[in-house]
Structures are given as C-alpha cells and as structure tokens.
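The residues making up each chain are set out below.
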Amino acid sequence: MSRATNHHPARLRRSVLCVPADNARALAKVKDLAADAVIFDLEDAVAPERKAEARDALVRHLSENRPGGEAIIRINVAESGFSEADLVAAVAASPDAILLPKVESPADIQGILEWLSENDAPESLRLWAMIETGRGVINAPAIAETGRTFGGRLDCFVVGLNDLRKETGVAALAGRTYLVPWLMQVLVAARGSGLDAIDAVFNDFRDAEGFEAECRQGRDMGYDGKMLIHPAQINAANRCFGIDQAALDEARAIIDAFARPEHAGKGVINLGGRMVERLHLEQALKLAAKAETIERRKAKF
C-alpha cells in the first residue's frame, strides 16, 4: 500500500453543526450560520418513517442552498436497510463528504468505497467516519489506515461518545474522566494516517460554561473542532478551536525561511537556533491556509 498522508484537503473544521435532514426550518437557517461544516443527518435525527421524505428534501435543499463551509451527509448503517438509498441521495446531492456511522472495521470503509466506485461517484467526494463503539475505538488505527492512499477518500474521524457511553456503561462525568484515554486513542490513530479528528457533542446546549470548558479540553488534546447540536454553540467552538497568534507567526516564519533561495531543496534548515524539517513546513502551510480561511469567513459573518 502506498503511504501518502499529505493528500487530505486543508479544511477549517472548528465547528461542525449537525442538522436533521427533515427539519425544513433548520435547513433554511444553515446558509446564514458561521459553522465551518454542517452535517445533514439522515440517521439518528430522522425517524424511520420519515427517511425517504428526508432524503428527497435534502437533495432539493442542497441543489439550491449550499452552506458557507463543508456539507456532509450522515447516512444510516447498512443493517438499517436505508443505507443504499441514502448513498444514492448523497451522490445526487453532491456534498463534500459522506459521514458513516458506527464504523468498526476497515471493511466498513472498503464497502462504501466499492459502492462509490461502482456508481461513478466523483473523486472529490470524501468520507468521514463516526467512531462510537468499543470495536471502533479498538480498530481506529486500522480504520484510519484506509485513508492513507489517494483513492482512500477517508479524511476525518468524528467521535460519538453518547453511543460509546451507552455501550460501555461509562458515567457521563464532568471532565470526561474515564473517556479521555479513548479520546486520545482515536486522536492518535487519526493523526497517524493524516486525518482530522472532531470531538464529540456536548449535550446541554444551555450550559455555555460547561461547553466552553469541554471545547478547551478537546483543543488541548489536539482535536480540530467539535460536533455541535445547536447553533448557539458555533461561536464558542470557533473561538476555542481558533488559531493561536504565536503559532501562526511561527508558521509564517517557517514558510518564509524555506522560501529563501539558499534553502532551496533542503530537507532541514536552521531557524533561530533550532532545526526545522520539511514536515514542519507542511504543517505550517496547512495552518496558514486555515488562517486565511478564517479571515475570509470573518468577512462574511
């Protein structure tokens, strides 16, 4: 298998809002929200008897109204009997990515990849994976590995702690005391294959203080952003997962240093008394690209 971890698009994913695909009022508001990405949910948020209606409504909506950031469609699991119809609708709606729920093994990704290939889905259509079961956490490194090739499509992990708590019986304590090891396990697996990682939802959208504390925790663990259940959480997530000015200044210094003629072709350079590798340049370019996106989004919102 070819090893390629730098082919994933540099995207801003501080705030990832989940919206029920059958909620017309919520869909209508999306284009005016400052969320970096929107998950249009066909799974948990939609009752079984409304799945078909939700699919049709979502295809119509996205044909006329695109969010300012990424558009992701969460489909149902294969065992539900709804997944193939969801995939057909998703390809018709042309989102940026499809979010697969309850991913537990590489086979879950491979099956979708084969379906997309057989149905001539565009190469630009990416995959995200929900890691929300014990098996998913255990197999996270192998699942992430499917995103290491250019044809792998997998770009991002999203942690689902509600289902994980339910399955394991772990208490929902403040600070997520007994869940932090699993969160870090998923994060390391994602980073090992060049994927982004999105922290789990915070269930009480009225608890602004608790939400911000959990955002800061996720940021400090290394997560790129947070999955949200309410628009009221967007601004805090954008702020907490924003770019530190000192880190941005350092990134720009690294970019400028490698751009000097005397450093052309060098893999390692001396920058202010420390050795900097081209790996750091790749990270700096990605950070700078995100900073530019943030400035563009500030102008819009």
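Keep in mind the model is a prediction, meaning the values are calculated, not measured.

Draft legend 1. How the structure looks around the environment of Gly225. Inspection of the secondary structure puts Gly225 in strand E8 (residues 225–228). Separated by 16 residues in sequence, Gly225 and Glu209 place their C-alpha atoms 17 Å apart. When near neighbours in sequence (up to four residues on either side) are disregarded, Gly225 contacts Arg13, Arg14, Ala197, Ile198, Asp199 and Phe241.

Draft legend 2. Inspection of the nonpolar core at higher detail. Core analysis: the largest hydrophobic core is formed by 64 residues, its most contacted members being Phe40, Ile73, Ile98, Ile109, Leu127, Phe157 and Tyr223. When residues no more than four places from it in sequence are discounted, the contact partners of Ile98 are Ile72, Ile73, Ile75, Leu87, Ala90, Leu116, Leu125, Arg126, Leu127 and Trp128. Core analysis: the second largest hydrophobic core is formed by 14 residues, Ile39, Ile72, Leu99 and Val201 among them.

Draft legend 3. Seen up close, helix H3 (residues 83–93). Listed as buried for H3 are Ser83, Asp86, Leu87, Ala89, Ala90 and Ala93. Buried residues of H3 fall within an arc of 165° about the axis and therefore sit on the same side. Set apart from the buried face of H3 by more than 90 degrees, the exposed residues are Glu84 and Ala92. Looking at the buried residues of H3, the elements they touch are helix H2 (51–64), strand E3 (70–74), strand E4 (97–100) and helix H4 (106–118).

Rules behind the numbers
Residues numbered from 1 in each chain as written. Predicted model: local features only at pLDDT ≥ 70, side-chain atom pairs only at ≥ 80, totals over all residues. Heavy atoms only, no water. Helix = DSSP H or I, 4+ residues; strand = E, 2+ residues; numbered from the N terminus. Contact = heavy atoms within 4.5 Å. Core = buried A, V, L, I, M, F, W, Y, C linked by side-chain atoms within 4.5 Å. Buried < 20%, exposed > 50% of the residue type's maximum accessible area, 1.4 Å probe, protein only. Arc of directions from axis to C-beta.

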